[in-house]
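# Topology and contacts: notes
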Amino acid sequence: MSNHELRVSKIRNGTVIDHVEGGQALNVLAILGIDGSEGLGVSIGMNVPSDRLGRKDVVKVEDRELSQSEVDVLSLIAPEATINIIREFEVAEKNRVTRPDEVAGVLSCPNRNCITNADEPVETRFDVIDDGVRCDYCATVLRADIADHIDV
């Protein structure tokens, strides 16, 4: 018998996003565009004990599998996350997120003078660097506040 207690029930089908840094679960929901109005079953565990992270968040979304672009953005705020695809109560796929080389159209640039903020038909594009992301157009670097600039 394990010392771990199951705090949230299993889901039949959907996605479990595990090993999210503590306190980031609500940002994960924002990235996924989940606000409760879409009717999906969502369970969140925040600041639960983790051997690897100390404290972690876990997000379970019923009846939805994530797109690669959603996983790419998640990797920016949760680089240690694992994505588990659940089918008929079993883990069908388990993958760790990997940071892409660039992300496009999902972040807004904080530089008010950037061309992406000048009402031009230009999609934002950021290079992913070791400590954050850098705007392709104006070279502004985002670090700790990436979640505040999610624009999905």
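Residues numbered from 1 in each chain as written. Predicted model: local features only at pLDDT ≥ 70, side-chain atom pairs only at ≥ 80, totals over all residues. Heavy atoms only, no water.

With an unreviewed UniProt entry as reference, the protein is termed Aspartate carbamoyltransferase regulatory chain, source organism Halorubrum tibetense. Per UniProt, the comment on the protein under Function (unreviewed entry) is "Involved in allosteric regulation of aspartate carbamoyltransferase." We quote the UniProt Subunit (unreviewed entry) comment for the protein here in full: "Contains catalytic and regulatory chains." (UniProt positions renumbered as here; feature names shortened; annotations may be inferred.)

### Focus: the overall build of the protein
If you tally the helices and strands in the protein, you get two helices and nine strands. Each helix and strand of the protein, placed in order from N terminus to C terminus, yields the pattern β-α-β-β-α-β-β-β-β-β-β. Its C-alpha atoms give the protein principal-axis dimensions of roughly 60 × 30 × 25 Å. Sequence-distant contacts in the protein: of pairs separated by 6 or more residues, those separated by 24 or more amount to 56%. Looking at the protein as shown, the accessible area adds up to about 8900 Å², and 43% of this sits on carbon and sulfur atoms. (Helix = DSSP H or I, 4+ residues; strand = E, 2+ residues; numbered from the N terminus. Contact = heavy atoms within 4.5 Å. Areas by Shrake-Rupley, 256 points an atom, 1.4 Å probe, with all protein chains shown as cover.)

### A closer look at helix H2 (residues 68-77)
Counted residue by residue, H2 has eight buried out of ten residues, so it is predominantly covered. Listed in full, the buried residues belonging to H2 are Glu70, Val71, Asp72, Val73, Leu74, Ser75, Leu76 and Ile77. Each element contacted by the buried residues of H2 is listed here: strand S1 (14-21), helix H1 (25-32), strand S4 (82-87), strand S6 (102-104), strand S7 (125-129) and strand S8 (132-135). (Buried < 20%, exposed > 50% of the residue type's maximum accessible area, 1.4 Å probe, protein only.)

### Focus: the layout of surface pockets
There is about 180 Å³ of room inside the second largest pocket. The wall of the second largest pocket is formed by Leu66, Gln68, Val71, Ile83, Ile85, Glu93, Asn95, Arg96, Val97 and Thr98. Among the elements of the structure, H2, S4 and strand S5 (90-96) are those that each provide at least two residues to the lining of the second largest pocket. Among the elements that line the lining of the second largest pocket, the one with the most residues is S5, at three residues. The residue inventory of the lining of the second largest pocket, partitioned by class, reads five nonpolar, three polar and two charged. (1 Å grid on protein atoms, 1.4 Å probe; cavity = no way out; pocket = protein on both sides within 12 Å on 5 of 7 lines; lining within 4 Å. Points joined across faces, edges and corners; volume = space filled by probe spheres on them. Nonpolar A, V, L, I, M, F, W, Y, C, P; charged D, E, K, R; others polar.)

### Here's the deal with the pattern of salt bridges
In the structure shown here, the tally under the stated rule is eight salt bridges. A salt bridge links Asp18 to Lys56, with the nearest nitrogen and oxygen atoms 2.9 Å apart. With Asp18 in strand S1 and Lys56 in strand S3 (residues 54-62), this pair connects stretches of sequence that are 38 residues apart. When its relative accessible area of 14% is taken as the criterion, Asp18 is described as buried. A salt bridge links Arg64 to Glu70, with the nearest nitrogen and oxygen atoms 2.2 Å apart. Taken together, the shared-partner salt bridges in this structure form one network comprising Glu65, Arg87 and Glu93. (Salt bridge = Lys/Arg side-chain N within 4 Å of Asp/Glu carboxyl O.)

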